[in-house]
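Commentary on secondary and tertiary structure
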Amino acid sequence: MGEITNVSEYEAIAKQKLPKMVFDYYASGAEDQWTLSENRNAFSRILFRPRILIDVSKIDMATTVLGFKISMPIMIAPTAMQKMAHPEGEYATARAASAAGTIMTLSSWATSSVEEVASTGPGIRFFQLYVYKDRHVVAQLVRRAERAGFKAIALTVDTPRLGRREADIKNRFTLPPFLALKNFEGLDLGKMDKADDSGLASYVAGQIDRSLSWKDVKWLQTITSLPILVKGVLTAEDTRLAIQAGAAGIIVSNHGARQLDYVPATILALEEVVKAAQGRVPVFLDGGVRRGTDVFKALALGASGIFIGRPVVYSLAAEGEAGVRKVLQMLREEFELTMALSGCRSLKEITRNHIVTEWDQPHPRPAPRL
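The name given to the protein in an unreviewed UniProt entry is (S)-2-hydroxy-acid oxidase, with the source organism recorded as Ziziphus jujuba. Per its UniProt entry, the protein bears the Cofactor (unreviewed entry) comment "FMN". In its Subcellular location (unreviewed entry) section, the UniProt record describing the protein reads: "Peroxisome".

**Quick word on the packing of helix H10 (residues 236-244) against helix H11 (residues 266-277)**
A pair of packed helices is characterised by two quantities: the angle between their axes and the separation of those axes. Contact geometry for H10 and H11: axes closest at 8 Å, N-to-C directions at 40°. Classified by the angle between their axes, H10 and H11 sit oblique to one another. Relative to H11, the crossing made by H10 is right-handed. Of the residues in H11, those in contact with Ala236, Glu237, Thr239, Arg240 and Ile243 of H10 are Glu272, Val273, Ala276 and Ala277. In the contact of H10 with H11, the residues fall into five nonpolar, one polar and three charged.

**Section: the UniProt feature "binding site: glyoxylate" (unreviewed entry) in the protein**
Those residues carrying the UniProt feature "binding site: glyoxylate" (unreviewed entry) are Tyr25, Arg165 and His255 in this numbering. Judged by maximum C-alpha separation, these annotated positions cover 231 residues in sequence but sit close together in space, the widest gap being only 13.3 Å. Taking the annotated residues in turn, Tyr25, Arg165 and His255 line the largest pocket. Turning to its location among the elements, arginine 165 is positioned in the loop between strand S7 (152-156) and helix H7 (166-170).

**As for the pattern of salt bridges**
Within this structure, the stated rule accounts for 19 salt bridges. For aspartate 24, the salt bridge identified is with lysine 20, shortest N-O distance 2.8 Å. Of the two residues, aspartate 24 and lysine 20 are both situated in helix H2 (residues 20-27); the distance of four residues between them amounts to about one turn of the helix. Since its relative accessible area comes to 57%, lysine 20 is described here as exposed.

**A short note on the environment of aspartate 360**
With respect to the helices, strands and loops of the structure, aspartate 360 is situated in the segment after strand S12 (355-357). The partly exposed category is assigned to aspartate 360, whose relative accessible area is 24%. It is 40 Å that separates the C-alpha atoms of aspartate 360 and glutamine 82, two residues lying 278 residues apart in sequence. Side-chain polar atoms of aspartate 360 contact the side chain of arginine 352, separated by 2.8 Å.

**Details of the packing of aromatic side chains**
In this structure the tally under the stated criterion is 11 aromatic pairs. With a centroid separation of 4.0 Å and 25° between ring planes, the pair formed by tryptophan 109 and tyrosine 130 is classed as stacked. Taken together, the residues tryptophan 109 in the loop between strand S5 (104-106) and helix H5 (114-118) and tyrosine 130 in the loop between strand S6 (125-129) and helix H6 (135-147) connect sequence positions 21 residues apart. Of the two residues examined, tryptophan 109 and tyrosine 130, each falls in the buried class. An aromatic cluster of at least three residues, connected via ring pairs, comprises Trp109, Tyr130, Tyr132, Phe184 and Tyr203. Lying across the ring of tryptophan 219, arginine 135 places its NZ or CZ 5.4 Å from the centre.

**Remarks on the layout of surface pockets**
Taken as a whole, the largest pocket encloses approximately 640 Å³ of empty space. Together, 39 residues line the largest pocket, and Thr79, His255, Gly256, Arg258 and Arg310 are the ones closest to its centre. Taken together, the elements giving at least two residues each to the lining of the largest pocket come down to H2, helix H3 (34-41), strand S11 (305-308) and helix H13 (310-342). Per-element tally for the lining of the largest pocket: the top contributor is H13, with four residues. The calculated volume of the second largest pocket comes to roughly 460 Å³. Along its surface, the second largest pocket is lined by 26 residues, and Val157, Asp158, Thr159, Pro160 and Gly232 are the ones closest to its centre. Listed by contribution, the elements that provide at least two residues to the lining of the second largest pocket are S7, helix H9 (214-223) and strand S8 (228-233). Here the element with the most residues in the lining of the second largest pocket is S8; it accounts for three residues. The residue makeup of the lining of the second largest pocket, split by class, is 14 nonpolar, eight polar and four charged.

The rules behind these values
- Residues numbered from 1 in each chain as written.
- Predicted model: local features only at pLDDT ≥ 70, side-chain atom pairs only at ≥ 80, totals over all residues.
- Heavy atoms only, no water.
- UniProt positions renumbered as here; feature names shortened; annotations may be inferred.
- Axes fitted to C-alpha atoms, helices over the stretch in contact; angles between N-to-C directions.
- Helix = DSSP H or I, 4+ residues; strand = E, 2+ residues; numbered from the N terminus.
- Parallel < 35°, antiparallel > 145°, perpendicular 65-115°, else oblique.
- Left-handed = near helix turned anticlockwise from the far one by under 90°.
- Contact = heavy atoms within 4.5 Å.
- Nonpolar A, V, L, I, M, F, W, Y, C, P; charged D, E, K, R; others polar.
- 1 Å grid on protein atoms, 1.4 Å probe; cavity = no way out; pocket = protein on both sides within 12 Å on 5 of 7 lines; lining within 4 Å.
- Salt bridge = Lys/Arg side-chain N within 4 Å of Asp/Glu carboxyl O.
- Buried < 20%, exposed > 50% of the residue type's maximum accessible area, 1.4 Å probe, protein only.
- Polar contact = N/O pair within 3.5 Å; in protein donor to acceptor, adjacent residues only side chain to side chain.
- Phe/Tyr/Trp six-rings, centres within 6.5 Å; stacked < 30°, edge-to-face > 60°.
- Lys NZ or Arg CZ within 6 Å of the ring centre and 35° of its normal.
- Points joined across faces, edges and corners; volume = space filled by probe spheres on them.

In structure tokens form, the structure reads like this:
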């Protein structure tokens with residue numbers, strides 16, 4: 001493999017390195033995978049309106065998320081079972097995020113526990129939560145995350161049932177026998193049984209609470225003082241309900257296009273959510289971000305930051321911790337360059353006027369002279 005020059009190149013390397021069942025699990029989307037390609041393609045329908053002759057000798061990408069200072073608005077999304085990608089799994093990802101001065105979100109379904117991730121050293125970490133039918137399990141898990149120094153809960157709200165991922169059904173996906181869902185190991189929920197279709201889909205059907213509703217978001221606030229980010233919002237209506245329910249922030253997400261197919265790309269849904277939030281809480285985005293230009297576009301449309309998912313597991317598979325570090329570094333450098341070439345010296349200078357989208361009203365053209 002030659003010099004890696006962009007984030008997307010890691011996917012092909014991961015595909016070569018990983019067992020088919022594992023690569024397909026990370027790579028696939030739901031059903032026709034229309035939203036999967038749309039998450040990427042929608043970015044190409046946004047063009048720049050760069051401003052020139054601005055002194056861009058100094059560029060500041062630093063920001064704060066829920067009061068925590070980070071080096072750039074690029075963070076790590078929760079992705080399950082990272083030890084399938086590399087033996088160091090979530091440990092490597094945690095160290096890479098910490099080295100980059102940014103936030104890692106640990107999946108509920110991690111192959112390393114909250115305590116193990118905390119043991120890798122300092123760093124700002126969020127914990128992604130699935131709500132299990134047994135609320136004692138949930139309360140215990142949230143307490144453990146708090147004790148391990150995690151700073152926020154990212155509550156996934158788009159998964160009352162697992163989306164239909166046909167590759168996983170064909171492959172009879174299950175967690176490799178030498179791994180466990182470490183956060184649940186002591187509760188006898190750490191193993192996934194083989195099933196006639198997808199082992200994960202069966203696990204979700206058995207364990208995850210389909211009755212989850214807004215009252216549970218309120219309940220969660222009674223058991224923890226951590227801020228709650230609601231992850232999986234795509235509409236103005238749900239944005240308003242999330243804020244009413246006390247959410248500290250919103251993550252516009254379609255679960256990497258793995259849940260309901262034919263929902264819009266997150267970059268398309270973003271503006272509706274930002275407008276509905278009216279600045280009351282920060283709005284973040286995940287899904288399809290592969291370039292620094294994508295990061296800039298999301299911020300221009302009102303996002304306070306973005307999260308990357310698949311690039312993390314692909315680079316982890318390719319090069320372990322060094323791969324994840326490289327992905328964060330490449331995105332950082334591309335984003336800095338995009339800012340400079342757009343004439344923005346700090347994040348607050350990135351505005352809606354720096355982009356034009358295909359769905360903007362075309363400017364009325366003057367009538368042709370006869």
